[in-house]
Amino acid sequence: MIKLDPDRIIDKERLQAVMGCGADAIIIGGTQGITGQKINDLWEEVRPFPGKKIIEITNVECLLEGADEYWVPVVLNSSNPKWILGTHARAFHQIKRWNGQTLPRNLFPVGYIVLNPESAVAACTEADTQIDDDDMAGLAQVGHLLFRFPWIYIEYSGSFGSMDRLARLSGKAPALPLIYGGGIQWGWQAKQAAQFAHVVVVGNLVYESENLEADLREIRHAVSRD
């Protein structure tokens, strides 16, 4: 998957590389500076993308019709209940107003475990990034098995995370549907992450690569299970 941040500028050449890279999905979402106008502008750019288009509902301004799926992030290791239930409860009536009296069938909660202490998302959500392996596995299993979240997202946000930890989590709970995101710049990194996660997300590379088309092609080849 490719993650695009509405608060970051992407030029036409980079956008063209993203649209043609063969990714399974594009996620539109971010932490800072998210407005309805920015979401809408980026949405119009990616609308022709042939794969799945997903919007993260980080605030009610993200409610834009037409996406294939809407993901509601729940930060399982936040030390502030606001990021587990609080903001979601306040936004609930807005979501229902947007779609009548029932929630959209393509609206899904996603359990995030944020592990990079230097990231903006960790600071914003007051995430306890120092949790040990047992606590991480427990949170992941509660999210998927008890709360029935379809995905558990291991988020290192801008930094390539510990593949040893990802391997241990996969070993403790092999049935967990894991997404890994954070610091993927090279094919070998994507290949390592794909050994333990069902989905690998590329984000910052889109804005930083000097040869994006080639880098995305290398990553796609690295994670291919054909």
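Here we summarise the structure given alongside this text.

A short note on a nonpolar patch on the surface
Nonpolar side chains collect at one region of the surface, where Val 142, Leu 146 and Phe 147 lie side by side and expose about 290 Å² of accessible area between them. Looking at the element boundaries, Leu 146 is found in helix α5 (residues 133-146).

Topic: unusual backbone geometry
Its identity as a non-glycine residue notwithstanding, Glu 126 has a phi of 55°, on the positive side. Mapping Glu 126 onto the fold places it in the loop between α4 (120-125) and α5. Residue class for Glu 126 comes out partly exposed when judged on its relative accessible area of 37%.

Some details on the pairing of strand β5 (residues 107-114)
Among the eight residues in β5, six count as buried, and that is most of the element. Sheet topology note: the strand β4 (residues 69-75)/β5 ladder contains six bridges and is parallel. Bridge pairing in β5 places Pro 73 opposite Val 110.

Regarding the nonpolar core
If you look at the biggest cluster of nonpolar residues, it comprises 57 residues, and the most contacted ones within it are Ile 2, Leu 4, Ile 55, Ile 113, Ile 154 and Tyr 180. Of all the elements, helix α2 (residues 36-46) adds the most residues to this core, at four residues. Ignoring any residue separated from it by four or fewer positions in sequence, one finds Ile 2 in contact with Val 18, Cys 21, Ala 23, Ala 25, Ile 26, Ile 27, Val 202, Val 206 and Leu 216. Judged by nonpolar contacts, the second largest core, of 11 residues, contains Met 1, Ile 54, Tyr 153 and Val 199.

Regarding the side chain of Gln 189
As for its position among the elements, Gln 189 is in helix α7 (residues 187-196). Assessed through its relative accessible area of 7%, Gln 189 is described here as buried. Only 3.0 Å separates the side chain of Gln 189 from the backbone nitrogen of Trp 186, close enough to count as a polar contact.

Side note on α2
Every buried residue belonging to α2 is among Ile 39, Leu 42, Trp 43 and Val 46, and all of these are buried. Burial along α2 is one-sided: seen end-on, the buried residues are contained in an arc of 105°. The inward-facing, buried residues of α2 abut β1 (2-4), α1 (12-19), β2 (25-28) and β3 (52-56).

Here we look at the packing of aromatic side chains
A complete count under the given rule lists five aromatic pairs for this structure. Relative to Tyr 153, the ring of Tyr 112 has its centre 4.5 Å away and its plane inclined at 10°; by these criteria the two rings are stacked. Within this pair, whereas Tyr 112 is found in strand β5, its partner Tyr 153 is found in strand β6 (residues 151-155), the two being separated by 41 residues in sequence. Per residue, the accessibility class of Tyr 112 equals that of Tyr 153, and both read buried. Between Phe 160 and Tyr 180, the aromatic rings sit 6.3 Å apart at their centres with planes inclined by 80°, giving edge-to-face as the arrangement. In this pair, Phe 160 sits in the loop between β6 and α6 (163-172) while Tyr 180 sits in strand β7 (residues 178-181), placing the two residues 20 residues apart along the sequence.

Quick look at the pattern of salt bridges
A full pass over the atoms with the stated rule returns 10 salt bridges. Across the salt bridge formed by Glu 56 and Lys 3, the nearest N and O atoms sit 3.0 Å from each other. Taken together, the positions of Glu 56 in strand β3 and Lys 3 in strand β1 put the pair 53 residues apart, joining distant regions of the chain. Judged on exposure class, the residue Glu 56 and its partner Lys 3 are both buried.

Observations concerning the environment of Pro 104
Residue placement: Pro 104 occurs in the loop between α3 (86-98) and β5. The exposure class assigned to Pro 104 is buried, which follows from its relative accessible area of 10%. Along the backbone, Pro 104 and Trp 188 are 84 residues apart, and their C-alpha atoms lie at a distance of 38 Å.

Conventions adopted
- Residues numbered from 1 in each chain as written.
- Predicted model: local features only at pLDDT ≥ 70, side-chain atom pairs only at ≥ 80, totals over all residues.
- Heavy atoms only, no water.
- Patch = residues over 30% accessible without salt bridge, like charges linked within 9 Å, V, L, I, M, F, W, Y side chains within 5 Å.
- Areas by Shrake-Rupley, 256 points an atom, 1.4 Å probe, with all protein chains shown as cover.
- Salt bridge = Lys/Arg side-chain N within 4 Å of Asp/Glu carboxyl O.
- Helix = DSSP H or I, 4+ residues; strand = E, 2+ residues; numbered from the N terminus.
- Buried < 20%, exposed > 50% of the residue type's maximum accessible area, 1.4 Å probe, protein only.
- Pairing = 2+ DSSP bridges.
- Core = buried A, V, L, I, M, F, W, Y, C linked by side-chain atoms within 4.5 Å.
- Contact = heavy atoms within 4.5 Å.
- Polar contact = N/O pair within 3.5 Å; in protein donor to acceptor, adjacent residues only side chain to side chain.
- Arc of directions from axis to C-beta.
- Phe/Tyr/Trp six-rings, centres within 6.5 Å; stacked < 30°, edge-to-face > 60°.

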